[in-house]
Structures are given as structure tokens and as C-alpha cells.
Amino acid sequence: MAGWSWEDCGFPTDAIQLQSISLSPDPPKPGEDLTVTAVGLAQEVIEDGAYADVVVKLGLIKLLTKRFDVCEEARAANASIQCPVEEGKYTVVQTVALPKEIPQAKFTVAVRGYTASDDDMLCLDLKVDFMRNPFPRFGW
């Protein structure tokens, strides 16, 4: 894994179909702003009440388990896309500040999204490796 990877773990019937995710800087660096660009297709209208369950793990240890109201988070972040989200292709760009205290470790992030009617909306598994290369001169 070159710093990070992602996998769409959903079904073709999910309301949101992820097409690509890119990061800048790539790989992410502790203490720097991280800009995430995601491209996806909304196959149905996403309305108020949609939510996502997020689990962040360090190895087998859960660091965070949280439910997010998708539409409320978009409003709070003043995102370019607001609910209701109509059917169509979208590009979402979001920048977050990564704390410099992020430990040198491998993290997994599981995101499971659901529509207001509790149907599957999105499934995403992310892996991020903040381990420093122990042999930088050898390119390993």
C-alpha cells in the first residue's frame, strides 16, 4: 500500500456509487491540510435524514465510532452540495486539518451510509498508513 487505499464495498443498487477518491498531498502527512476529492453518482435523491456510521481503527482497536447526519454535516461544512441531493454525478472536495500528533501507525476507516429510509446508500473502506519508511534510502 502506497500511503492509502480505498475500496467501494457497496452494491450496484446503493444510492451512491463512488467512482474515484483522490488525496492531496498523496500520501497524507500529519500536521498538514488534507484535501479529499471524491467523485460519485447519486442514483436516487438523498434527503434529510441520511446518515453514515464511521468506525476508525488502529489495528484491532476502535478509536472512534460515530454516527453522522450527512445533510447536517454538509450544512455545517458549508459544502458545495446540500440536501436534497438530486440524481446525477457529483464531485465533492473537502479539506481537513490533520493533527501533527497522528501516531506512526496503520489506520482503517469503515464508512456505512444509509438513506433516510434506512436503505443502503454507500459503503467505503479506507486504509491509511502513517508509518515512516524505515529505509528511505533504499526505496522500500
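Nothing here was measured: the structure is a model prediction, and the numbers come from that model.

**Student:** Explain the state of the cysteines here, please?
**Tutor:** Should the sulfur atoms of two cysteines be covalently bonded, the bond is a disulfide. Applying the stated criterion across every chain yields a total of two disulfides. Across a sulfur-sulfur distance of 1.9 Å, Cys9 and Cys123 are joined as a disulfide pair. As the torsion about the S-S bond is roughly -95°, the Cys9-Cys123 disulfide counts as left-handed. In this pair, Cys9 is assigned in the loop between strand S1 (4–8) and strand S2 (16–24) and Cys123 in strand S8 (residues 120–129), connecting sequence segments 114 residues apart. Among the residues examined, Cys123 registers a relative accessible area of 11% and is labelled buried. Paired by a disulfide, Cys71 and Cys83 hold their sulfur atoms 1.9 Å apart.

**Student:** I keep staring at the sheet that holds strand S5 (residues 61–69) and nothing clicks. Help me out?
**Tutor:** Within a sheet, neighbouring strands are paired by backbone hydrogen bonds and run either parallel or antiparallel to one another. Overall, antiparallel pairing links the five strands, which are arranged S1-S8-S7-S4-S5 in an open sheet. Taken across any chain shown, the strands that pair with only one partner, and hence form the sheet edges, are S1 and S5. In this sheet, neighbouring strand axes are inclined to one another by 15° on average, regardless of whether the strands run parallel or antiparallel. Bridge count between strand S7 (residues 106–114) and S8: nine bridges; the pairing is antiparallel. Among the inter-strand pairings, Ala110 is bridged to a residue of S8, identified as Asp125.

What counts, and at which threshold
- Every chain is numbered on its own, with residues counted from 1 as its sequence reads.
- The predicted origin of the model limits local features to residues at a pLDDT of at least 70 and limits the giving and counting of side-chain atom pairs to 80 or more, whereas totals for whole chains, interfaces and linings rest on all residues.
- Calculation of side-chain values draws on the structure's entire complement of heavy atoms; hydrogens and water are dropped beforehand.
- For the purposes of this analysis, a disulfide is any pair of cysteine sulfur atoms at a distance within 2.5 Å.
- Each helix is a run of H or I in the DSSP string that is no shorter than four residues. Each strand is a run of E no shorter than two, and both are numbered from the N terminus.
- When a residue's accessible area, from a 1.4 Å probe over protein chains only, is under 20% of the maximum for its type it is buried; when over 50% it is exposed; and in between it is partly exposed.
- Any two strands with at least two DSSP-identified bridges between them are counted as paired.
- For helices, the fitted axis covers only the stretch in contact; all axes are lines through C-alpha atoms, and the angles between them, taken along N-to-C directions, range from 0 to 180 degrees.

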